[in-house]
Amino acid sequence: MPADARSDDDLMLLARANVPAAFSALVARHQRRALRVAGRQLGPGAITAADVVQNTFIDIYRALPRYQPRGRFGSYLFRILLNQCRIAQRAARIEARHRQRTDTALAVAPPHESAVLARERERDTEAALARLGAKLRDVVVLRYTGELSYDEIAATLEIPTGTVKRRLFDAMKKLRTLMEPT
Amino acid sequence: MRLRSGTGSSPESRDEAPGLETLAAYVEGEVTPSETTAIEAALAGSARVRREVAELRAIRATLARPLPEIESIDLAPRIEQAIARLPSGARAVAPERRRRWSLTLGLAAVLAGAAGVALMVRTRAPALETDLMRVKAASPATPEAQRWAGVQAFRVSAGEAAEPLGTRLRAEDGLLFSYANLGPRPFAYLMIFAIDARGAVHWYYPAYERTGTNPASLPLRGGAARAMLPDVVRHDLAPGLLEVRALFTRQPLTVTEVEAWLAVHGGSAATPPWPEAYQQTIESEVESSGAKR
């Protein structure tokens, strides 16, 4: 059976058995969606999203000996990806604070009002998304950007399906409110 | 979900029109028929509701929009390089395969004398004695089970009659199975799978052909001395040692349950965790395609 036709679990088992093509096939199968989710979670900056997804796959590779094939590789992948996104976001916040201090000291930080005025809808959405709490953002990004089912999101976040729906509708309400012109 | 009203942020939301959360549920198709009717009435009569639904749909579409500058990145080469740089201890290793052992001739004779197996064996050529030496029972809890239950595997080559699986088979050969399920308490379910030299699990019964499915054990007929299973199944088997395993159980199992157990306890000597389960293992050697037997 060609690698393309194998299930994720089969590919993980083959990768564990030192078949390198199996892990590459998994990366090829999931990288686009993972990059899109990371891109939405982290906002502009393709390099960061790519780094985060790369770290995610490396984490998965390291954990191969412990992987349990239960038909939920997608949820497993996105759980690790969300953790990696949080690590990247924390690092970015620390860096931004540091940069702010430096910029203030050197008094060279230019104002950004013009950029704010030039935002398009996409950027409005990104900005609103960035202001959502992590719990709501995770659900809305996994649902609409990652195209995961409610059950997959529930397994990824380890919460009941009903909670997934409540958070999704709450997230949409908050996004809409945040994007409403004042 | 219950219809909520007035959760919008504009002054108009104080009316009885549905709130934003309800509209978000409507956009997702997660409202009841009666809620749908109420919302559609509100849509017909309120410009605000129409605007909110359009905005919610636009947000959803924006979030679903591809990010070509990010998605066009091919990470595979970077990841392969990063894996190659990992310290060897951090790299994936094949699960440890337990040292293989052969039953002694004496134990083989005991097995051969056991009624259930003997019923299958009697029809077999002398070569079967070699097979019996390779038959291992991984479940120590049920010597009685070994006596009454078991599978026999047959190798099916293109254009040739089926013959009992011996010490070798070709990669392109198919396998056919029969089972015995006798005794005072016959088993209720059976699964047959094989683990090849790469560690890949290949399913014979139940058939596991489509990703996303999770087929369950085959129900068994009690009192069967030699029941043939209908299909000749061919898999892409890696050259090297092949372990064919038959798992007899009292309860139905699913493919993912068994694979989860295999991932942790892959060795053929591991005891299946299901009550009174009996696992029979038959070993053979897969030769490369086109190799002479």
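Small disclaimer: the values here were computed from a predicted structure and weren't measured. (Residues numbered from 1 in each chain as written. Chains lettered and ligands numbered in written order. Predicted model: local features only at pLDDT ≥ 70, side-chain atom pairs only at ≥ 80, totals over all residues.)

### What about the overall build of chain A?
Consideration 1: When helices and strands are counted, chain A shows nine helices and zero strands.
Consideration 2: Along chain A, helices (α) and strands (β) appear in the sequence α-α-α-α-α-α-α-α-α when read from the amino end.
Consideration 3: Out of the 182 residues belonging to chain A, those deemed buried represent 46%.
Consideration 4: Across chain A, contacts joining residues at least 24 apart in sequence account for 63% of those joining residues at least 6 apart. (Helix = DSSP H or I, 4+ residues; strand = E, 2+ residues; numbered from the N terminus. Buried ≥ 20, exposed ≤ 12 C-beta atoms within 10 Å, placed from the backbone. Contact = placed C-beta atoms within 7 Å.)

### Remarks on the overall build of chain B
Consideration 1: Across its full length, chain B holds ten helices and eleven strands.
Consideration 2: Looking at chain B residue by residue over its 293 residues, the buried ones come to 34%.
Consideration 3: Taking the contacts inside chain B whose residues are at least 6 apart along the sequence as the reference set, 74% of them involve residues at least 24 apart.

### A word on the sheet that holds strand β2 (residues 149-156) of chain B
Residues and elements named next belong to chain B.
Consideration 1: What the four strands build is an open sheet, ordered β3-β2-β5-β9; its pairing is antiparallel. Only two strands of the sheet have a single partner each, and these edge strands are β3 (163-164) and β9 (224-228).
Consideration 2: Relative to strand β5 (residues 174-181), β2 is paired through eight bridges, and the arrangement is antiparallel. Opposite Val 156, over in β5, you have Gly 174 as the bridge partner. (Pairing = 2+ DSSP bridges.)

### Examining the interface of chain B and chain A
Consideration 1: Every contact between the two is made by 45 residues of chain B and, on the other side, 52 residues of chain A.
Consideration 2: Breaking the side of chain B that touches chain A down by element, the ones donating at least two residues are α1 (20-27), α3 (47-64), α4 (68-71), α5 (76-85) and α10 (255-264) of chain B.
Consideration 3: In terms of residue class, the side of chain B that touches chain A is made up of 26 nonpolar, seven polar and twelve charged. (Nonpolar A, V, L, I, M, F, W, Y, C, P; charged D, E, K, R; others polar.)

### Considering the pairing of β2(B)
Residue and element names in this part refer to chain B.
Consideration 1: Counted residue by residue, β2 has six buried out of eight residues, so it is predominantly covered.
Consideration 2: Bridge count between β2 and β3: two bridges; the pairing is antiparallel. Paired with Arg 155 across the bridge in β3 is Glu 163.
Consideration 3: Where β2 folds back onto β3 in an antiparallel hairpin, the turn is made up of six residues, including Gly 159, whose phi is positive at roughly 75 degrees.

### Brief notes about the nonpolar core
One recurring pattern in soluble globular proteins: nonpolar side chains tend to sit buried together.
Consideration 1: Within the largest apolar cluster, 105 residues are counted, with the highest numbers of intra-cluster contacts made by Ala38(A) and Val53(A).
Consideration 2: Of the residues forming this core, the biggest block, ten residues, is contributed by helix α2 (residues 20-42) of chain A.
Consideration 3: Non-local contacts of Val53(A), meaning those with residues more than four positions away in its chain, are made with Gln31(A), Ala34(A), Leu35(A), Ala38(A), Leu81(A) and Leu75(B). (Core = buried A, V, L, I, M, F, W, Y, C linked by C-beta atoms within 7 Å.)

### Digging into the packing of helix α7 (residues 134-145) of chain A against α3(B)
Packed helix pairs are specified by the crossing angle of their axes together with the interaxial distance, meaning the distance between the axes.
Consideration 1: Where α7(A) meets α3(B), the axes come as close as 8 Å, and the angle between the chain directions of the two elements is 75 degrees. By the criterion of interaxial angle, the relationship of α7(A) to α3(B) is roughly perpendicular. The residues of α3(B) that touch α7(A), namely those facing Val140(A), Val141(A), Tyr144(A) and Thr145(A), are Arg60(B), Leu63(B) and Ala64(B).
Consideration 2: Of the residues contributing to the contact of α7(A) with α3(B), the split by class is five nonpolar, one polar and one charged. (Axes fitted to C-alpha atoms, helices over the stretch in contact; angles between N-to-C directions. Parallel < 35°, antiparallel > 145°, perpendicular 65-115°, else oblique.)

### Topic: the confidence of the model for chain A
All names here are of chain A.
Consideration 1: For chain A, per-residue confidence averages 83 on the pLDDT scale, and residues scoring 70 or more make up 82% of the total.
Consideration 2: Here helix α5 (residues 113-117) stands out as the element of chain A with the lowest mean pLDDT, 41, in contrast to α7, whose mean of 96 is the highest.
Consideration 3: The model gives residues 103-118 a pLDDT under 50, and that stretch makes two contacts with residues more than four places away or in other chains. (pLDDT = per-residue confidence, 0-100.)

### Thoughts on helix α8 (residues 150-157) of chain A
Residues and elements named next belong to chain A.
Consideration 1: Taken together, the buried positions of α8 are Ile 153, Ala 155 and Thr 156. Axial view of α8: buried residues confined to an arc of 165 degrees, hence all on one face.
Consideration 2: Backbone geometry just after α8 places Glu 158 at a positive phi near 55 degrees. (Arc of directions from axis to C-beta.)

### A closer look at the confidence of the model for chain B
Residue and element names in this part refer to chain B.
Consideration 1: The share of residues in chain B with pLDDT of 70 or more is 71%, and the mean pLDDT across the chain is 74.
Consideration 2: Here residues 1-14 scores under 50 on pLDDT; set against residues more than four positions off or in separate chains, the count is 31 contacts.
Consideration 3: In the model, residues 93-141 has pLDDT below 50 throughout and makes 88 contacts with residues more than four positions away in sequence or in other chains.
Consideration 4: Overall fold confidence (pTM) sits at 0.53, and the ipTM for the predicted complex is 0.82.

### Remarks on unusual backbone geometry
Consideration 1: Tyr205(B) connects to Pro206(B) through a cis peptide bond whose omega is 0 degrees.
Consideration 2: When you line up the elements, Pro206(B) lands in the loop between β7 (201-205) and β8 (218-219).
Consideration 3: Here the phi dihedral of Glu147(A) falls at roughly 60 degrees; this positive angle occurs in a residue that is not glycine.
Consideration 4: Residue placement: Glu147(A) occurs in the loop between α7 and α8.
Consideration 5: With a phi close to 60 degrees, Glu276(B) is a non-glycine residue in the positive phi region.
Consideration 6: Looking at the secondary structure, you find Glu276(B) in the loop between α10 and β11 (278-287).

### Some remarks on the packing of α7(A) against α8(A)
All names here are of chain A.
Consideration 1: Across the interface, α7 lies against α8 with an axial gap of 10 Å and an inter-helix angle of 140 degrees. Considered as vectors, α7 and α8 are oriented oblique to each other. As for how α7 packs across α8, the hand of that crossing is right-handed. For the pair α7 and α8, the contacting residues are Asp 138, Val 139, Leu 142 and Arg 143 in the first and Ile 153, Thr 156 and Leu 157 in the second.
Consideration 2: Split by residue class, the contact of α7 with α8 holds four nonpolar, one polar and two charged. (Left-handed = near helix turned anticlockwise from the far one by under 90°.)

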